[in-house]
Amino acid sequence: MSVDKILHHLQPVSTLLTLAGLVLLLGLAPGPGAAQGPYLNGFDLAGALVPTAEILRGGPPRDGIPAIDRPRFMDAVAADRMLGPEEEVIGVVHNGETKAYPVAILNWHEVVNDRFGGQAIAVTYCPLCATATVLVAESGGQPLEFGVSGLLYNSNVLLYDRQTESLWSQVLAEAVTGPMKGQVLQTLPLTLTSWQSWRKIHTETLVLSADTGHLRDYGRDPYREYARRNQLMFPVREQSRALPLKEMVTGLIVNGEARAYPHATLQEHQGPLLDALGGKRIRILVEPGGQPRFFEENGTELAGQPGYWFAWYAFYPHTQVWQPAR
């Protein structure tokens, strides 16, 4: 795809590009003594775990979509004045803290580098895939900070850690290039739900403030029309028409077995559901809007991956699709 076409499709974020950013967008040549390998947006793709030809520029350069590094929060009463009842948030409970991150803000930033009880956590969201992933941002006991590389694989954002400049697949939570290549980070359970639903259960929640230090129109959704069309902007390795491309599902992997749980189907069922996956019995609680939460028999909550069907299938083409027992 030509740069002109990329900028046409990404008009809401194209205003972020500067002349220096365009140089990065077109790729950086390695400096003297640098390792040999293909470079995109200044990242060395040599030895990538995914096909380098399928790593694509998404439009903005590295950090053209800026991560939030110093998040500020407000209480639920103040958030009521900012958020409509049906606005989506990513809710996280961890280390005794409860926080909600409005998707309207993450549409423009994609990464929040935060801390829960002193532990480094990265809350990430890819608007092209509607995938939310909360990462324990540490390796070998050392904290990591993440930024947005401006690169995609399977239409999904490739994050990068600032410590080693390795590229990380958001859906896989795995480094696919660089010194961290092959490392997988722990992911935490999350709830992608409406502000109304989250606030009802978590009355003392903190909420990410729109005071991010960046000038963005958080009242405007730059991906609104994209979400409505059953079409993709970028290619993916595998596709399935078993469900509409942008139907919301939550994917779960247990002992290597993958299953997608369609929200629309789950919404038709009341009360806890039972399933078996990867040799384990799983209890499913269905949140308002159809998003499931998964629990082992001992009560441990499992981290599911909410997002569009096409995104889950692209990474896990051997997935099953959950259907209610007849």
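For the structure given in this document, a descriptive report is provided here. (Residues numbered from 1 in each chain as written. Predicted model: local features only at pLDDT ≥ 70, side-chain atom pairs only at ≥ 80, totals over all residues. Heavy atoms only, no water.)

**What about the sheet that holds strand S4 (residues 73-75)?**
Logical step 1: Within the open sheet, the 5 strands sit side by side as S4-S17-S6-S5-S16. Their pairing is mixed. In this open sheet, the two strands that pair with only one neighbour each are S4 and strand S16 (191-194). Neighbour to neighbour, the strand axes of the sheet diverge by 35 degrees on average, direction disregarded.
Logical step 2: In this sheet, strand S17 (residues 206-208) lies alongside S4 in antiparallel orientation, the contact comprising 3 bridges. By the bridge assignment for S17, Phe73 is matched with Leu208. (Pairing = 2+ DSSP bridges. Helix = DSSP H or I, 4+ residues; strand = E, 2+ residues; numbered from the N terminus. Axes fitted to C-alpha atoms, helices over the stretch in contact; angles between N-to-C directions.)

**A closer look at the sheet that holds strand S20 (residues 273-277)**
Logical step 1: With antiparallel pairing, the 4 strands of this open sheet are ordered in space as S20-S21-S22-S23. Of all the strands in the sheet, the pair left with one neighbour each is S20 and strand S23 (301-302).
Logical step 2: Pairing geometry for S20 and strand S21 (residues 280-286), over 5 bridges, is antiparallel. Residue pairing for S21: Leu274 is matched across the bridge by Arg283.

**Here's the deal with unusual backbone geometry**
Logical step 1: Here Glu110, not a glycine, exhibits a phi torsion of approximately 70 degrees, which is positive.
Logical step 2: Structurally, Glu110 can be placed in the loop between helix H5 (103-109) and strand S7 (111-116).
Logical step 3: With phi around 60 degrees, Glu165 is a residue other than glycine that occupies positive phi space.
Logical step 4: Counting through the fold element by element, Glu165 comes out in the loop between strand S13 (156-161) and strand S14 (167-169).

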